[in-house]
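Structural characterization, general
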Amino acid sequence: QVQLVESGGGLVQAGGSLRLSCAGSGRTFSTYTLGWFRQAPGKEREFVSTIHWSGSTTSYANSVRGRFTISRDNAKNTVYLQMNSLTPEDTAVYYCAASSVPVWPANLNWQYNSWGQGTQVTVSS
């Protein structure tokens, strides 16, 4: 399994931007489909975005499409989530995850077998 560590969370005003990063370990990082999920207080963890291991295909939840952009740099073993036009509804703990399941799009929790510890994103109104 790959080890994942998120960073880049913080407090931002509504309308602002944040860029999350997730660094992975291991020489097989480039073979994993990577995803971002989030969990708000009192809610279940939900899918945000995913990027195919090849980097050629992405998928987004309807709630973030057009505002968030996922990307990866396999040379740096890192996946990113650029978040623009943030709203208070985006407040959550954000998790990155790695999937070796050959299904696309990988937008379900069970499809991922490695998870980071999470990074808090708080958007103030």
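Residue indices follow the written sequence of each chain, beginning from 1 at its first position. The predicted nature of this model means local features are confined to residues of pLDDT at least 70 and side-chain atom pairs, given and counted, to a pLDDT of 80 or more, with totals for whole chains, interfaces and linings taken over all residues. As a convention, hydrogens and water are excluded, and side-chain values are obtained from all of the structure's heavy atoms.

Moving on, we come to the nonpolar core. As used in this record, nonpolar core signifies buried Ala, Val, Leu, Ile, Met, Phe, Trp, Tyr and Cys residues forming a set joined through side-chain atoms within 4.5 Å. Throughout this description, buried means an accessible area under 20% of the type-specific maximum (1.4 Å probe, protein chains only), exposed means over 50%, and partly exposed covers the range between. Ranked by internal contacts, the top residues of the largest apolar core, which has 33 residues, are Trp36, Phe68, Leu81, Met83 and Tyr94. Put simply, DSSP marks the helices as runs of H or I at least four residues long and the strands as runs of E at least two long, and each gets a number from the N terminus on. Counting residues per element, the ones that place at least two in this core are strand S3 (18-24), strand S4 (33-39), strand S5 (46-51), strand S7 (68-73), strand S8 (78-83), strand S9 (92-99) and strand S11 (119-124). Considering each element in turn, this core owes the most residues, 5 residues, to S9. Any pair of residues with heavy atoms lying within 4.5 Å of one another is described as a contacting pair. Filtering out sequence-adjacent residues up to four positions away, Leu81 remains in contact with Leu18, Arg19, Leu20, Trp36, Val48, Ser49, Phe68, Thr69, Ile70 and Tyr94.

Looking at the secondary structure, you find Ser21 in strand S3. In this view, Ser21 contacts Val5, Glu6, Ser7, Trp36, Thr78, Val79 and Tyr80; residues no more than four positions away in its chain are not counted.

This part covers the pattern of salt bridges. Throughout this description, the term salt bridge denotes a Lys or Arg side-chain nitrogen within 4 Å of a carboxyl oxygen of Asp or Glu. Overall, the coordinates contain 3 salt bridges when judged by the stated rule. Close ionic contact of Arg38 with Glu46 constitutes a salt bridge, the shortest N to O distance being 2.6 Å. For Arg38, a relative accessible area of 6% puts it in the buried group. The exposure class assigned to Glu46 is partly exposed, which follows from its relative accessible area of 36%.

Any two of the Phe, Tyr and Trp rings considered here, Trp counted by its six-membered ring, make a pair once their centres fall within 6.5 Å; the pair's planes then place it as stacked at under 30 degrees, edge-to-face at over 60, or tilted in between. A complete count under the given rule lists 4 aromatic pairs for this structure. Arranged with centres 5.1 Å apart and planes meeting at 80°, the rings of Phe37 and Tyr112 form a pair that is edge-to-face. Here the residue Phe37 occupies a position in strand S4, and Tyr112 occupies one in the loop between S9 and strand S10 (114-115), the gap between them amounting to 75 residues. When its relative accessible area of 0% is taken as the criterion, Phe37 is described as buried.

Before going further, it helps to examine the state of the cysteines. Disulfide assignment relies on a single distance test, namely cysteine sulfur atoms paired within 2.5 Å. Scanning the entire structure with this criterion turns up 1 disulfide. Residue pairing for Cys22: its cysteine sulfur links by disulfide to Cys96, the two sulfurs lying 1.9 Å apart. Looking along the S-S bond of the Cys22-Cys96 disulfide, the torsion reads about 45°, which is the right-handed sense. Residue Cys22 is located in strand S3, and its partner Cys96 is located in strand S9; the two are separated by 74 residues in the primary sequence. Take Cys22 and Cys96: they sit in the same class, and that class is buried.

Another aspect to go through is the sheet that holds strand S1 (residues 4-7). Being paired, for any two strands, means DSSP has found at least two bridges between them. Judged by pairing direction, the sheet is antiparallel, and its 4 strands sit side by side in the order S1-S3-S8-S7 without closing on themselves. The strands lining the two open edges of the sheet, one partner per strand, are S1 and S7. Each neighbouring strand pair of the sheet contributes to a mean axis angle of 15°, computed without reference to strand direction. In terms of strand pairing, S3 meets S8 through 6 bridges, oriented antiparallel. What sits directly across from Arg19, in S8, is Gln82. Helix axes are fitted to C-alpha atoms over the stretch in contact, other axes to C-alpha atoms as well, and angles between N-to-C directions run from 0 to 180 degrees.

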